[in-house]
Every structure is written in structure tokens, then in C-alpha cells.
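# Inside the fold
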Amino acid sequence: MTIILLLVATLATIALWWLSHQRLMEKPWLETGPAEAFRGVTAGGMPAEKIALGVFLAVVSSLFALFASAYSMRMHMASDWRSLPLPWLLWPNTIVLFLSSLAMGWAQIAVRRGDAASLRKALLAGGASAFLFLVGQLMAWQQLAEGGFYLAANPANAFFYLLTALHGLHLLGGLVAWGRTIVRTGRSTAARWMTLSVDLCALYWHFMLLVWLAILALLLHG
Amino acid sequence: MGEATAKPLDGRGHAEVPEDDLYHATSWWTKYVFSQDAKVIALQYSATALAAGFVALVLSWLMRLQLGFPDSLSIIDQNQYYQVITMHGMIMVVYLLTALLLGGFGNYLIPLMVGARDMAFPYLNMLSYWTYLLAVLVLMSSFFVPGGPTGAGWTLYPPQAILSGTPGRDAGIVLMLVSLIIFIIGFTMGGLNYVVTVLQGRARGMTMMRLPLTVWGIFTASVMALLAFPALFVGAVMLLFDRLLGTSFFMPAIVEMGQPLGYSGGSPILFQHMFWFFGHPEVYIVALPAFGIVSDLISTHARRNIFGYRMMVWAIVIIGFLSFAVWAHHMYVSGMHPYFGFFFATTTLIIAVPTALKVYNWVLTLWRGDIHLTVPMLFALGFIVTFVNGGLTGLFLGNAVLDVPLSDTMFVVAHFHMVMGVAPILVIFGAIYHWYPKATGRMMHEAMGKFHFWVTFIGSYAIFFPLHYLGLMGVPRRYHAMGEMSDIPLSTGELNALVSVAAFIVGFAQLVFVFNLIWSLRHGAAAGGNPWRATTLEWQTPETPPGHGNWGRELPVVYRWAYDYSVPGAMQDFLPQNQPPSAQATRSAAP
Amino acid sequence: MNNDARWMTGIGVALFGLAALFIASRAADATFMWTGLACAFVSVATIFNLIRISFDEAEGKPPPWPGQAVPYALLAIAFCSVLFHVLSPWWWAPIASNWHYIDSAINLTFWITGIVFVAVMIFMAYCLFRFRHREGHRAEYEPESTRLELVLAVATSVGVATMLAPGLMVWNQFITSPSDTVEVEAVGQQWSWNFRLAGQDGRLGTTDIRAVQPVGNPLGISPADRHGQDDIVVEAEDLHLPVGKPVKLLLRSIDVLHSFYVPEFRTKMDLVPGMVTQFWFTPTRTGRFQILCAELCGVGHAIMRGWVVIDDEPAYQAWLGAQRTFASRGSPNIASSESVAAAGHGRTEKGPVHPAH
Ligand code: HEM
Ligand SMILES: [Cu+2]
Ligand SMILES: [Cu+2]
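Presented here is an overview of the structure given in this document. (Residues numbered from 1 in each chain as written. Chains lettered and ligands numbered in written order. Predicted model: local features only at pLDDT ≥ 70, side-chain atom pairs only at ≥ 80, totals over all residues. Heavy atoms only, no water.)

### With respect to the coordination of the iron atom of ligand 1
Residues and elements named next belong to chain B. Summarising the metal site, the iron atom of ligand 1 is bound by the protein donors His88 (NE2) and His417 (NE2), whose distances to it range over 1.9 to 2.0 Å. Coordination at the iron atom of ligand 1 is octahedral: its six donor atoms span angles of 88 to 180 degrees at the metal. On the criterion of sequence distance, the pair formed by His88 in helix α3 (residues 78-114) and His417 in helix α12 (residues 410-440) is long-range, its members being 329 residues apart. Residue His417 is classed as buried on the basis of its relative accessible area, which comes to 17%. (Donors = N, O, S within 2.8 Å, 3.2 Å for Na, K, Ca; no water. Tetrahedral: all angles 85-135°; square planar, octahedral: opposite > 155°, others 65-115°. Helix = DSSP H or I, 4+ residues; strand = E, 2+ residues; numbered from the N terminus. Buried < 20%, exposed > 50% of the residue type's maximum accessible area, 1.4 Å probe, protein only.)

Shown next as C-alpha cells:
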């Protein structure tokens, strides 16, 4: 459970940092008066969607951290763990996902420049490469299954399938949001909205890349 | 989704939407069924949760019949007994308490109390409810599948949970796990809403330290739930894999009834860690909203500011953090490494300190108050009694070595029913009597309310207090019959019978409550906008019940904290949060 | 209280009284009968009182204590709880092991928590008497008192530490077994208990779950390990232990979680398939004590009982001599029930054979 506890500690630090800006030590009954006196502690200017995504990413981190905790505990608790040879496809897949994330970064730049054409291109590239990654993962599964590494044969295999599947599902969910963003580029959406949309997608993409790298590290470790 | 513009300049939240932009219900269906209005969703959540709770209550009667009159009146066999306790426990904890406190009260109160027009993401909010309903339906469907619901106990410990020695191992356990997974997905949608609305939707002037404690409690509980439920999700998914796909996450090599099974190497203790990493915070997920609500009930009906508001906020936050570091106090005798016992006993007893401070502050709020013994106040007082009682027995169970004889006995059953069964339920009742006038415009019938209170409070105490002593004598929990026990006097049979009688009386009193809910809808006295003369924003809405968008054209602006009761020099004994400081006010605005 | 409330309270109280009478009529012992009768009497008195109050009200007399029921109820709850604790016949069975420390720790905690509980109740009752709403009276405005809260926090911490410190000390004893313990194994399966004692070589042989045979080798003793051959296997019968000798109980399960719990020993530990758990204790008096399974293990959970018999030394030796070793239990194919007749001739390696009883 070390991994999840580390995560909780990190989140707690963030929470404490935020709380420390909320005048928690002040005596509110002495502070009667209009809000303007306490600028900075009323609800801030960050869009709700961004905060929501931030919180959601915390939830997803907790989910994966728990899986990672379970992984390491299961690995050390019994002697039947036999690491499986990682299919070579994972490496090209990683590169594809990295490119995907890069493309999303490019889209962020494009939307800020107001460059509609390259925004569309960048988004399409990002989405298509993410899709490619998913296909690649499926093929990696196939490789493993052909090699006889079935799900139930060993906990290492089971975790491999479980973690990759879960990561894939999250990415798939991201692709839904991506689809909505693409549709928006077709319509005339206010620039601020477009930026927000693209930013959220990009943030999610970078995060999914991070999660994938963490999973990869875990798989390499054992 | 709540698509709106950010208005950083006036510091107003993003979730505050100009009224014209608001989604407006156009037909009966979208107004009452597929509504995106947090208030309607709240009522849907509450109604569904109460219905589920009623099922669980009926199940508890079956158990009490069996336990109280094992030979004459028992109508269930041991298979059914296990199915019944499992469904009772899981429904009560997850589908009733969590859903009602967060989905019901959270949805109703957060937007109103922070001064927002609605939740930040109304569409997601609606999805959350329908997902929850689906989870409930999946769970209930397990009563009708061959083999019936699972009898694995609400803790669902493998290996037993998925082996054939346990009833409902074919379909029941699968439906249970699937239902939990759906519930967690639905809750995550709702929880994001609650958190973001508190962070972002607050009205002008509503600083965090001006929030009523109800919002603090629900907010902190939501954050905790968002982080803790994934643990149950992970456990459930992996257990489902073990059950359906033959993996060995939790399943060691086993010889079941003489037959070797195909599993090997898995660890049942791993599941316990996952379960309790969720399960312990879950206790506080239920408790913190109740803490918050009860603080507001006491303060309002004692006409006095909550004593030590800052301490109350800090305590909520500290309890929230600490409760992630105590989970293994459920596992002292599980076979985990014994050195963990030192750590978890210490953290567990440390958490008792902020909890005790909360209790002190509740009773100190009564001190020199102007106490109105209204029905909500009665329930709040009842809560203090049962919560203190259950909290104190927690000091036995948390203190590793004292838990050795007591764990998994009726002492535990008595403890958690007092502290997380009866106590939050009393708060829920009090809260319903308190906010019913806001939601419907009518008061609930007071005499019926008092009757409901006295029978429920005294009755529940009479049910659960004696059970501690069965536990001390060594009666294990989850026994459908004590059978012959060498060390136990025969008279315990009558003790059990008395407890069962009390349980029936309490159960039937709930019918009075349900009747009151329905009857008052039509015949209750008209309530007016602020019958309790309370300060918080939800009582200051232009309409009662609040209309769509809550506030009419003008959003409220907040000038003071939530507890300006009986302020010296003020005309009335309460100053609403949105009342500007007047000339006669002695205290001036801080720079 | 208005009339509606009185009616409903009356009906509730009447139901309660009837129930109490019902219980009293079925009571098997005197305490219970009297409790039931007392409850019935209280309910009759309450109903009578309600009626009287109605009449008083109709005649315009003021009620005796206007609305003071709540503080009295709180005091009554505190009082009855303490009374129940002190007077009820329901209390733990006399201890039969060295863990009286646990009993003392529980008693200490009862004292501290009991005092706190009663204090909180009295304080609340006092507030309700004293600060009940009166016309024209206002609550005091006092947001907080840092000093008071500090004092309370420190006092609570001291109280908590007073309970935690002895608790941790005893926990430390509980998890460190002395060096001179005898190892005995208890193995759970759905839904019965088997036991194993070391044979002449003084050590238990290794086990292997794949070696488990329901008939012949229910414990899964590795046939290849010679240390296992002389192990004494007690299948679905009472386990005997000598009084006064510390025992380390090694716990295994071949199927699901179980828990070894003997209320008189004040100890319990889960049996976890795939691993060995343990605890130690010293039996301090002879007698026959029931083992309860305390971890839900399927439908048979409540009937999964066994017995531990604590013998004095001669009786123990007699029992031991009558037990059979793993090797002498013969080939796994012979049903153990068929070989019951052979009991008493079993042990080959060790000394004279004591016939059972
Ligand atoms: C008057 C109301 C209630 C009665 C009479 C009642 C009765 C019972 C009984 C007899 C058991 C089984 C004990 C055993 O054999 O181990 C039980 C278990 C349980 N109850 Fe309740 N209960 C009530 C309300 C609640 C509430 C409000 C909650 C919410 C937290 C709750 C949560 C549980 C849980 C979690 C279990 C454990 C299930 C298990 O062992 O798997 N109960 N209850
Ligand atoms: Cu806990
Ligand atoms: Cu068992």
C-alpha cells in the first residue's frame, strides 16, 4: 500500500496548500462585510471544467495507484509470480502515444494562435495516433496470447491485461471528449470555448501518457 | 454540461449561470423525470435511497426474527440468513447512507447553501442519478436470480465469497460486484459535481470560512469518497476476474470440500487491504456529512452560534486526512504483519481526539443557548447520545489488543450500528424534518415527529446497547443461531428476544414517519420561507420551494458567516448570511 | 405534547408493555422474568400518567414538568446503561488463560469511557434544564474559547494515551511468544477443525496443499518429509493441551478464511488459506472449552465448533498416548472412520500405548 499512501500524501499536500490560502485561521465572525475585502478567497476564476478535470485526474491516479499497490503486494506475497516477456510492440506503441500527446500540445499552440487549419490537423493527428495506440495494444495482446501467456495462467499476465485494458478504456473515454472537440472545430465556437476544450483534451492526453509510462515502469520492474 | 462563461473579475463562480442561459425544463418528463435541476435530482436520490433503505429494514426484521426466536418464529434458514445480512449491510451502508447523504442532501443543499443556481454540471448530475438507479436495480435483481443474492457478508471476503460453500455464488456475487462498480461510476460523476460546485460555485462573499458546516462536511466527504471508492472498484474488478476468468489475484491454492481448485498463490489479505482502504474512509464518508448537518441543526435550534467553528472545520479536515491511515484497524486478527498493530492502534486513537472535540463543541453549543426542542433538535440530541456511545466503544476496538477478544463478535455489530447506523440515521431524520419545509413549503406534523423520535431513539438504543454484552460473552457475529455455547448463560436467548421486540417496534415507527412524509405534503401547516429563522442561504430564497435557478434574478451576496445567532444588539436573534452589515452593527468589516 | 402525540405515545408504550409481558411469560430465568414484568409495569404507569395529564389539561391545570422529558430521558439512559452494566448477568465467562491483561485493559477502558459517557449525558441534561427556551431570553453570543478547547483537547489526549499505552504494551506481549512454547497446529476447513501435534522429533513436518486428501491426509502433510511421519493428527476430535504450559498455536486453512476463537482464552486469530498465522497463550485452568469460528466461512459458519480440553499433566499424557501418528494412520485410501477401531494401537514410535480412557 506504499504507492497509494504516497499518492494520498501528495494529494494531501496539495489540499493543504490550497487550504492554507483559505484563511482557515481567521475568525470569520469578526469579518462581517462585503466580499471584496477578502479578495482571493472567493471562488476563483479558473473554469469549472478545468477544476473538474483536475479532480477527476486525482481520482484516476488513485485508481491506478491502487492497482499498482495491489500489483506490488501480489508480486511479493507469493512465489508464483513469473514476469512475462513484454511484447516488443509496446515500444512502438509508447512512441505513438508520445506523438499523440505531442500533437495535442501542437493543437494547444494552434488554438491560441487562432490557426483553425492547423488546429484541425493537430487534433486529427492526436486522435488518430491515440487510436493507433489502442490498435497497437490490441495487437500486443494478440502477440501475448499467441505466445501462450493467457490471462489466468499467472498473476503477472492477469495484471498485464487488466492494467492495459483499464488504461485503454480511459483513453477511449478521452477519445469521446476528443470527438466533441473535433465537432466544435467544425462549428463556429467562441475562441475561449475552443481553447478550453483543446486544453482539457491535451491535459488528459498528457496525463494518459504519464499513466502509461508508469504502467510500463511497473511492468518492467517485475 | 454547464456551459457558461468565466467571470474572474467579480470573483464569481463559473457555475453561476445567467438565468437565461439555464437549461429550462420544457416538458413534464424533463421537469420531473429526466430533470437536470439539482433539487429534483436530490429528491430522486432521496426517494430511491429511502426505498432501498426500507428493503434493508425489512431484511433486518427477518434477521431479528431468526435471532430472537430461533426455534419458534424463524422463517429463514441459514442460507437465507447470510443472504439477508449481506444485502442488509451493503444496502444500508452504500445504497442508503452514502447515496442519501451525498446524493440526496449534497444535491439539495450544496447549491442552495453556497448560493449557486445549480450544480456545476447539471447534465452529469442527472447521469449520476440514473447510474445510481441502475446500480440499485442490478443489486435488487439479485433477489430474483437462481441461487439468490450473495451471502458473502457485506465485506465480501474471498475466497469464501466466490466459492460454493456460500449462497449466491453463481449469480448473486457477480451482480453485487457489478452493481458496486456501477455505483462507483455514478458516484464519481456526482462527487465531481459536489466538489467543483463548492470550489467554484460559491456566491459573492461566500468564503470557505463562511460556509455552513453542512457544506464542509459534505465537501470533505465527497473528496474522500472520490479517492476511497476506487479501492473498492479495484477490489471488485479483481474479485470479478477471479470469479469469472479464473485469475488468482486473491485466491490461493484451495481444496474445497475435497476438490482441489485451479487457483494458486493469491492473497485473501490483499483483498482485505483493498476493501478496508475503502471501508474505513467510508465510515467517515457517512459520518462527516452527518457531523456537518447536526452542527447546523444544533446551532439553529439552540439559537446560538456553533461553538468553536474554526475547530470544527479543522477537525473535519484532519479527520478526513487521518481516516486514510487507519484502515487496518479492521484487520488486527486477520493475519497481517503484527507490527502494523502498533501503528494502526495509534493512528486510530489519535483520530479520537478531533472527533471528541467535535462532540464537546456540540454540547458546548447548548450551553447558554436558547434551546428550542423542535423535532430536528430532538433528533440532533439523539445523535449525540448514540454517537458518543458508539464512538466510545470504538476506543475498545481500535486499541489492537482489546480488539482480539472482541473483533467479529456482536460487540462489533453493536458498535458500528450505534456509530454509523443509528447515529447518521437520526441525523438524516432530523435533517428531513428540518429541510422538509424548504423542499415542500409545508411543515411536517410535529406530534407524529415526536412520536417517531422517541420510539426510534429509545428503541434503537434498546436494540443495540445490550448487544455489546452478547459480544463480551463471545457470541460471534454472523451466527444465525447461537446454538449451544459452553460459556453463555441460557438467559441470553431472552436478551435476544427482547432486542428483537424492540427492533419491531422501531421498525413500525418508521411507518409513521413515511405516513407523515406523505400526509404533510397536503395537510402540513404552511411553512413560509424561513420557519426556523435560520441564517443560512437556503432559507433566504425568494420562493419556497425554491424555483428553477434558486435565486430569481439576483444572486445572493454574502456578508457574514453562517452562525450569527443571537448577536448582541441585533433586532432579531438571527442575521441571515446575505444581510448587509447595518449602521447599528457594532462590529465593522475587517480591512 | 398535544393529544395526538399522547395517543400515539400511549399506543407505542402499550405495545412495548405487551411485548414485555410476552417475554416475561417465556422467560427461562428469574432475572428476565422480573425485567419483563418491570417493563410492563412501567408502561402501565406511563399510560396511566398520560391519561392523568390529559385530564389535568382539560381542567386547565399546568402540566407537572413542562416539556422536561428530554433531560430526564438522557439521565435515565445514562443511569440505566450503568445499571445494566453492573447488574445484568451477562458478562464474559471466567478467564482460562494468561491473558487477564486483556481483561484489565478492557475494564480500564470501560471505566474511562463510562465516566466520559455519563459526564456528557449529565452535561447535556443540565443544559437542557437550564437553557431551555424562555420568552424574552436570548442565547449568549460566544463564538469560541480557545483556552477551553485547548484544555479539553489536552485532557482527551491524556485519556486516550492512558488507554493506548497499556494496550500497546499488552499487544507487544501478545505478538511475541516466549521461547519455551510448544507448537500445536489447528487447521480449519469447511466446517470442522483438525489438529496436529509434533511427534517424537519435536517438530511439525512440512505441509503442501496439493497433498490434501479428504480421507487419509486432511491436513496436507507432505508424505515425503520424514518430520511429518510421526506428527500426531487429531481429526475432528477434541484437542487436548496441558495446563500451565505456554502453547503457540499455528493456524492454517485449506479452503477459506476461518478464525480460531475460544472466548475463555480471550484470543482469536484468523486462519488464512495459503499462509500460517499464529498466536500464543498459556492455559491456566483445566476444563473443556468451545472453539467458535469467528470469520464468516460459508453457510456452516455458525456450526463450525470444536473443543479444546485443558488437562492436568497425567490426563494429558494419557490422551497423548492414545493418539495416532500420521504414518500409522495408514494409506490415504483407508477411510479414517473405518480405522477408528484401530485407535489406541496407533502410535508406533513412542513408548507404551495408553488405551483411551
Ligand atoms: C433498526 C435497524 C437495524 C436493525 C434491527 C439491524 C439489525 C442487524 C442485524 C441483526 C445484523 C446481523 C448481525 C449478525 O448476525 O452479524 C445486522 C448487520 C449489519 N447491519 Fe444492521 N440493523 C439495523 C440498521 C442498520 C443500519 C442503519 C445500518 C447502516 C450502517 C446497518 C448496517 C449493518 C451492517 C454493515 C451489517 C453487517 C452485515 C454483515 O455482517 O455483513 N444496519 N444488522
Ligand atoms: Cu474503520
Ligand atoms: Cu469457519
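### Details of the sheet that holds strand β6 (residues 258-262) of chain C
Residue and element names in this part refer to chain C. What the five strands build is an open sheet, ordered β4-β10-β9-β6-β7; its pairing is mixed. Each edge of the sheet is formed by a strand with only one pairing partner; in this case those strands are β4 (239-242) and β7 (267-271). Within the sheet, the average angular offset between the axes of one strand and its neighbour, ignoring direction, is 25 degrees. Pairing between strand β9 (residues 287-293) and strand β10 (residues 305-311): six bridges, direction antiparallel. The partner of Gly287 across the bridge, within β10, is Ile310. (Pairing = 2+ DSSP bridges. Axes fitted to C-alpha atoms, helices over the stretch in contact; angles between N-to-C directions.)

### A few points about the environment of Val363(B)
Looking at where Val363(B) falls in the secondary structure, it is placed in helix α9 (residues 340-366). Given the relative accessible area of 7%, Val363(B) is considered buried. With 56 residues separating them in the primary sequence, Val363(B) and Phe307(B) have C-alpha atoms 8.6 Å apart. Setting aside residues no more than four positions away along its own chain, Val363(B) makes contact with Ile384(B), Val120(C), Phe123(C), Met124(C) and Cys127(C). (Contact = heavy atoms within 4.5 Å.)

### Notes on the interface of chain B and chain A
Each side of the interface is counted separately: chain B has 69 residues, and chain A has 63 residues. There are zero salt bridges connecting chain B and chain A. Mapped onto the side of chain B that touches chain A, the elements with two or more residues apiece are α5 (172-200), α6 (213-245), α7 (268-301) and α8 (309-322) of chain B. Among the elements that make up the side of chain B that touches chain A, the one with the highest residue count is α6(B) (11 residues). Here the side of chain B that touches chain A is built from residues that sort into 42 nonpolar, 19 polar and eight charged. (Salt bridge = Lys/Arg side-chain N within 4 Å of Asp/Glu carboxyl O. Nonpolar A, V, L, I, M, F, W, Y, C, P; charged D, E, K, R; others polar.)

### Section: the packing of α3(B) against helix α4 (residues 122-141) of chain B
Residues and elements named next belong to chain B. Between α3 and α4, the least distance of the axes is 12 Å, while the angle of their chain directions is 165 degrees. Classified by the angle between their axes, α3 and α4 sit roughly antiparallel to one another. The way α3 lies across α4 gives a crossing that is left-handed. Residues Met87, Ile91, Tyr95, Ala99 and Asn107 of α3 touch α4, and the partners they reach there are Asn125, Tyr132, Ala135, Val136, Leu139 and Met140. Tallied by class, the residues present in the contact of α3 with α4 amount to nine nonpolar, two polar and no charged. (Parallel < 35°, antiparallel > 145°, perpendicular 65-115°, else oblique. Left-handed = near helix turned anticlockwise from the far one by under 90°.)

### Things to note about the pairing of strand β1 (residues 182-189) of chain C
Residues and elements named next belong to chain C. Note that β1 and strand β5 (residues 247-253) share seven bridges and pair parallel. Looking at β5, one finds that Gly188 is bridged to Ser253. Bridge count between β1 and strand β2 (residues 192-197): six bridges; the pairing is antiparallel. What sits directly across from Glu185, in β2, is Arg196. Taken together, β1 and the strand that follows it, β2, pair antiparallel across an intervening segment of two residues.

### Thoughts on the packing of α4(B) against α5(B)
To characterise two packed helices, one gives the angle between the axes of the helices and the distance between these axes. Residue and element names in this part refer to chain B. Two numbers describe how α4 lies on α5: the axes approach to 8 Å, and their chain directions differ by 160 degrees. One element, α4, and the other, α5, form an angle in the roughly antiparallel class. Considering how the two elements wind past one another, α4 and α5 form a crossing that is left-handed. Side by side, α4 and α5 meet where Leu124, Asn125, Leu127, Ser128, Thr131, Tyr132, Leu134, Ala135, Val138, Leu139 and Ser141 of the first sit next to Leu175, Met176, Val178, Ser179, Ile182, Phe183, Gly186, Met189, Gly190, Asn193 and Tyr194 of the second. Of the residues in the contact of α4 with α5, the class split is 14 nonpolar, eight polar and no charged.

### Here's the deal with a nonpolar patch on the surface
Residue and element names in this part refer to chain C. Together, Leu18, Leu21, Met33, Trp34 and Leu37 make up an exposed nonpolar region whose accessible area comes to about 490 Å². Looking at the nonpolar patch, the elements that each hand over two or more residues are α1 (3-26) and α2 (30-58). Given the relative accessible area of 56%, Leu18 is considered exposed. (Patch = residues over 30% accessible without salt bridge, like charges linked within 9 Å, V, L, I, M, F, W, Y side chains within 5 Å. Areas by Shrake-Rupley, 256 points an atom, 1.4 Å probe, with all protein chains shown as cover.)

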